[in-house]
Structure formats: structure tokens, C-alpha cells
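Listed below, chain by chain, are the residues.
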Amino acid sequence: MKNLLYIVSMLLAVTLLSCQSDKHYVITTYGAISDQTTINTRAIQQAIDDCHNNGGGTVIVPSGHFITGTVLLKDNVTLHVEEGAQLIGSDNPMDYISIDPFTDATGQVRGKCLVGAEGANNIAITGQGIIDGRGELFLSKNIKKTMKRLGVDQSEYGVYASNRPFLVRLVKSSNIQVKDISLRQPAAWTLHFFQSKNILVDGVKIYSHAHKNNDGIDLDSSSDAIIQNCDIDSGDDAICFKTTSPVATSNVVVSNCTLKSDWGTIKFGTESMGDFKNIVVKNCTINDTRGGGIKILSVDGANIDNILIDNIKMNNVDMPIFIRLGERLRTYRDAPKQKVGSIKNIQISNVTAVTRSIEESRVTPPAGIFITGTPNHSVENITLSNIAITLPGGGTAEQVKAVIAEDEKRYPEFSFFGVLPAYGLYARHAKNIVKENITFSLEGEDAREEIIIEEN
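So, a few notes on the structure that sits alongside this text.

**Let's talk about helix 2 (residues 41-53)**
Stage number 1. The first and last C-alpha atoms of helix 2 sit 18 Å apart over 13 residues, in line with the 18 Å expected at 1.5 Å per residue.
Stage number 2. If you check which residues of helix 2 are buried, you get Thr41, Ala43, Ile44, Gln45, Ala47, Ile48, Asp49 and Cys51.
Stage number 3. Contacts made by the buried residues of helix 2 are with strand 1 (24-26), strand 2 (57-61), strand 3 (64-68), strand 4 (71-72), strand 5 (77-81) and strand 6 (85-89).
Stage number 4. Among the residues trailing helix 2, Gly55 stands out with phi positive, at a value near 100 degrees.

Written as C-alpha cells, this is what we have:
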């Protein structure tokens, strides 16, 4: 872990060396109009292209509300959205283009975005302004209204409704900064990095509740990244490490973030073809989360190794810690199917958590920590230290006898397993689970065991 922290501290220094020319290109000079009607895609893209062709600089979105379709960043360009400025997504799905399209774990085609880049170097998105995807416009009822307004035949509905656009999507790019900006309401994921490296995300605010699959930040098959000082409120995963390709996500530090989610806050997977290695998450607060606080999931072949999660405070959270090694083995991007992966060398320390009440929990009564491999593949070397979890209680003696399904090929969600036989820690198909100073406090009676560990 010491080597990891050293490497990432050096990454920060390298990332901060990334800088642009002082040349400024204001989008209104190129004909962009802040009238909440004009589609300004061409004007904004021309400003970006001129900035790039002249050696780089800053494209400025001044105060006002500017509607646009997809714009693509290019080498040495900073997109700066000034305070009082909003870059707003068009309601016409045909104003968006796809870059590097793929099918995600839900079977949805992905690739469209509002702001994107592919194969770009030394790029940034900055400013105190807002990028708003208006994702609610891509709900079925609203797409049909748009089609009627545009005079599009209703038989084309499938084309319009599929491939909901991400807000920001940066693909196979390097030396990236996203700083201080507010990102709001995409139709799908908010900030997606794919096969990118040397990334700094700092001081970003995300509010993402407009549609389904509203993730906050997705670090996908990407490396050498720092995410810090962010405030994320998302409908789906808040910060999610993914690998929708066999390329690993590695060398990452997440720190000093405040997170809230309707599905999960700090998550590894579920898309997990490539490995996850050398990742630190520290000094974060998690509030009001329905789908799990810390979720470490390898189900498509990923080897998850050398993970440190430290100093995490959770309040009103379903299932504070869930670790699952499974055998779903889904493939993406026409990659070959992987072998079953592994989860090992995980350290989770200095965690305080209060779970949701019985009335609010997805599983009633709830539990604190659930760790499971499969009958043929064990989770290994998990250290849990200085962890205090408060639970409501409510378990019965009959629930101690519960038989928990294996479901090794199913989507890995803790709620699918039902009520666990232990209210504190339940682990099975696990080797070398180290417990140091772990306490579980009950607000009511619970007849279940506090801790059950079935090592094999």
C-alpha cells in the first residue's frame, strides 16, 4: 500500500503539469446564441476546432444558457464554463453522435454523449458553470412529444429511444482534468472515462436523477487517476470502477468526497472483465444510500487485488459492506469470455456506519457486512479493522436457519440473497478473514448470530 500511495502522489504532480495556451476562444464570437432555442453545436465545435488547430487554449462558454448537441474536445483544449453559464443538452436525440459504442450490463447500447473526446491528449473541462443533459427529455413520453414536434414518424421511436446520451464521455484519452464544474441530469451516466489515463477530477458537483442508470463517475478500464473533493448525488452508482474491456482499472485514489445514491455509492463492478488493482478510497462520507455503501464485485473475470478503503463514514445506508465473487462471466465489446476471477488482499478500516431502519431497508431485517465467494472460488485475505456498525435489529431465531442461495451466475445484488443468518458479519466461501476491533450495535433485539464465518 505504501508503494501505491507514493505512485499516486507522483501521478498528481504529473497531472498538474498539464496546461494550456492562454489563447481564448469565446463561443459567442463563433455565433453561439443564448436564447434557449438555438442549437449551438456547430458554433461550439468550430471554436474547439480552431483552438486545437492553433496549438491549444481555452474555449469559453460565457454567462448564458446555450443549447447544444454533441461537441468533441481535441488535443490541448480546455472547455471552460464560466459562472452563470449553462451548456444544455438538446432535446433532439439526433443531435447526438456515438463514440466507441458498446452494450452495457443492462443490455443497453451506449456511446452517445453531450461532451466527448476520443484519442485526445491534454484536455480539460473547468469552470463554476453547469453542464446539464436534461435527461428527463429522454423519458418515453417526452421523446414521443419531441418526435411529434419534429414531424418524425412514430415507427422511428426505437431509434430515438435507444442509446440515451451520457453527459461527459472521454475515451482512450490522456492527461485529463475535470475541475470545479457542476454536472447535472444526463439521460444515462454522468462522467465516463474509458481506457484513459492520467486523470484528475477535483471539486466536481454531480446531481444525476433524470433517468435510469444515472451513475456519477465511472472509471472504466482506466488508470492513474485521482478523484477528490467531489459532491455526488446519483440515482445509480455514485463512484463506480468498471472494466467493460479486458484492460484493467488501476492506480487510483479517491478522497474527500461526499456521496449519496439510490443504488450504491462506492462500487467495483458489476461490469468486471478486466482487473481492478492498486486502488485507495479514503476520507469519504456516504449518506442516504439504498443499494449498498461499499460494494466490491468480481463476476465477469476480474482479479480484484490490493484495495484499501479507509476512514469512511456512512449514515442511513443499506448493507454497508458487500463483497461478492461470482461466475456470471458476461462479455463486452466482442472480447473473449474470461475465466472466473478473484478477490484478495482487501483492507477496509476505520469505518462507522448506521444502517437504514427496518421500514426503509431493502432487506428486512438488514445486516452489516456480507462476504461471499462461490463453492469453487473463495474470496481471500480480507482485513476488516476498526469498524463500528449500528443496526436496527429485528431478526428472528428462525432466520438463523436460513439457507442462502449460491446464485453464482446471477447479477450480484445483496438484496437477492434475502435475510442473512447473522446481523453483523456473514461470510462464506472465504479464506483468511481478519477481524480487528469490529463492533455491531443493535437498537432492538435480534435473535440472529452476530458473526458467522464459513471458511473454505
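**Describing the side chain of Ser196**
Stage number 1. Mapped onto the elements, Ser196 comes out in the loop between strand 14 (191-194) and strand 15 (197-202).
Stage number 2. Judged by its relative accessible area of 2%, Ser196 falls in the buried class.
Stage number 3. At a separation of 3.3 Å, a polar atom in the side chain of Ser196 contacts the main-chain amide nitrogen of Lys172.

**A look at the pairing of strand 24 (residues 276-289)**
Stage number 1. Inspection of the sheet shows strand 21 (residues 249-255) paired to strand 24 by six bridges, in the parallel sense. Bridge pairing links Val254 to Val281 in strand 24.
Stage number 2. Bridge count between strand 22 (residues 258-261) and strand 24: three bridges; the pairing is parallel. Paired with Lys260 across the bridge in strand 24 is Asn287.
Stage number 3. Where strand 24 and strand 26 (residues 303-317) come together, 11 bridges link them in parallel fashion. Bridge assignment links Lys282 to a residue of strand 26, and that residue is Asp310.

Procedures and definitions
- Residues numbered from 1 in each chain as written.
- Predicted model: local features only at pLDDT ≥ 70, side-chain atom pairs only at ≥ 80, totals over all residues.
- Heavy atoms only, no water.
- Helix = DSSP H or I, 4+ residues; strand = E, 2+ residues; numbered from the N terminus.
- Expected span 1.5 Å × (residues − 1).
- Buried < 20%, exposed > 50% of the residue type's maximum accessible area, 1.4 Å probe, protein only.
- Contact = heavy atoms within 4.5 Å.
- Polar contact = N/O pair within 3.5 Å; in protein donor to acceptor, adjacent residues only side chain to side chain.
- Pairing = 2+ DSSP bridges.

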